[in-house]
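Architecture at a glance
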Amino acid sequence: MKGTFARLSVRQLVYMALIVLLLLPLSMLSRPASGARAGGGGGGGRLAQLRAEHKLGDTNVGAIDPRSETIRLVSLGLGGIANVILWTQAEQYKEKEDWTSYRAVLDNLIHLQPYYPVVWEHQAWNLSYNISAEFDDFRDKYYWVMDG
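Below is a short write-up of the structure. What you are looking at is a predicted structure, and each value in this text was computed from that prediction instead of being measured. (Residues numbered from 1 in each chain as written. Predicted model: local features only at pLDDT ≥ 70, side-chain atom pairs only at ≥ 80, totals over all residues. Heavy atoms only, no water.)

Re the overall build of the protein chain
- The secondary structure content of the protein chain amounts to 9 helices and 0 strands.
- Start at the N end of the protein chain and walk to the C end: the helices and strands fall as α-α-α-α-α-α-α-α-α.
- A separation threshold of at least 6 residues defines the contact pool for the protein chain, and within that pool the share at least 24 residues apart is 40%.
- When the accessible surface of the protein chain is totalled, it reaches about 10900 Å², and 63% of it is carbon and sulfur. (Helix = DSSP H or I, 4+ residues; strand = E, 2+ residues; numbered from the N terminus. Contact = heavy atoms within 4.5 Å. Areas by Shrake-Rupley, 256 points an atom, 1.4 Å probe, with all protein chains shown as cover.)

In structure tokens, the structure reads:
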């Protein structure tokens, strides 16, 4: 053990000291709001106070969707890979004109990326204009336009 610290250079010791010093203000800034004060201001660190002040938290946006949160948790940080797989599957189902499977994949994609406006905009346009044009019956067209 004694030999390990002797081998550290001065620069490495300075870096470790700076990391420890920077962790203190970071922990003060990013403290989460406590349960009772989560909705109001005053609780937690500066970031939690700003989220409460500007109403940017999940509880202020609306009801938290358990399905969406579960999908994001289960992906274990591999959400990007899951997104690519789902987008690829959606395009394959669109080419095969398997609209039921296509809609199911879009639902999963929307639940995996609920805060990305591009997903909502692209899929709304796609369902309303591209998919609805594939049908002859006006009832089917109306369904896909309203779904989009």
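Let's talk about the nonpolar core
- Of all hydrophobic cores here, the largest spans 12 residues; its members are Leu86, Ala90, Trp99, Tyr102, Val105, Leu106, Leu109, Ile110, Leu112, Val119, Leu127 and Ile131.
- Looking at which element gives the most residues to this core, the answer is helix 7 (residues 99–112), with 7 residues. (Core = buried A, V, L, I, M, F, W, Y, C linked by side-chain atoms within 4.5 Å. Buried < 20%, exposed > 50% of the residue type's maximum accessible area, 1.4 Å probe, protein only.)

Focus on helix 6 (residues 79–96)
- Here helix 6 contains 18 residues, and its C-alpha end-to-end distance of 25 Å stays within 8% of the 26 Å for a straight helix at 1.5 Å per residue.
- Residues Gly79, Asn83, Leu86 and Ala90 constitute the buried set of helix 6. The arc enclosing the buried residues of helix 6, seen along the axis, measures out at 70°, which places them on a common side. With respect to the buried face of helix 6, the exposed residues turned more than 90 degrees away are Ile81, Val84, Glu95 and Lys96.
- Looking at the packing, one finds that the buried side of helix 6 touches helix 7.
- Just beyond helix 6, the residue with positive phi is Glu97, at close to 60°. (Expected span 1.5 Å × (residues − 1). Arc of directions from axis to C-beta.)

Topic: unusual backbone geometry
- Of note in this structure, Glu97 is not a glycine but carries a positive phi near 60°.
- Tracing the chain through its elements places Glu97 in the loop between helix 6 and helix 7.

Quick word on the packing of helix 6 against helix 7
- One can describe the packing of helix 6 onto helix 7 by two numbers: an axis separation of 9 Å at closest approach and a directional angle of 160°. Between helix 6 and helix 7, the interaxial angle falls into the category roughly antiparallel. Two packed elements cross with a definite hand, and for helix 6 against helix 7 that hand is left-handed. Side by side, helix 6 and helix 7 meet where Gly79, Ala82, Asn83, Leu86, Trp87, Gln89, Ala90, Tyr93 and Lys94 of the first sit next to Trp99, Ser101, Tyr102, Val105, Leu106, Asn108, Leu109 and Leu112 of the second.
- Of the residues belonging to the contact of helix 6 with helix 7, the class tally is 11 nonpolar, 5 polar and 1 charged. (Axes fitted to C-alpha atoms, helices over the stretch in contact; angles between N-to-C directions. Parallel < 35°, antiparallel > 145°, perpendicular 65-115°, else oblique. Left-handed = near helix turned anticlockwise from the far one by under 90°. Nonpolar A, V, L, I, M, F, W, Y, C, P; charged D, E, K, R; others polar.)

Here we look at the pattern of salt bridges
- Under the definition given, this model contains 1 salt bridge.
- Across the salt bridge formed by Asp107 and Arg103, the nearest N and O atoms sit 3.4 Å from each other. A residue pair is termed a helical-turn pair when its members lie 3 or 4 positions apart in one helix, as Asp107 and Arg103 do in helix 7 at 4 residues.
- With a relative accessible area of 27%, Asp107 lands in the partly exposed category.
- Judged by its relative accessible area of 18%, Arg103 is buried. (Salt bridge = Lys/Arg side-chain N within 4 Å of Asp/Glu carboxyl O.)

Brief notes about a nonpolar patch on the surface
- On the surface, a cluster of nonpolar side chains totalling about 620 Å² of accessible area is made up of Val10, Val14, Tyr15, Leu18, Leu21 and Leu24.
- As for its position among the elements, Val14 is in helix 2 (residues 10–29). (Patch = residues over 30% accessible without salt bridge, like charges linked within 9 Å, V, L, I, M, F, W, Y side chains within 5 Å.)

A word on the environment of Arg46
- Here Arg46 lies in helix 3 (residues 46–53).
- Of the residues examined, Arg46 reaches a relative accessible area of 42% and is grouped as partly exposed.
- Ignoring any residue separated from it by four or fewer positions in sequence, one finds Arg46 in contact with Met28 and Leu29.

Geometric descriptors of this kind do not, in isolation, establish any biological role.
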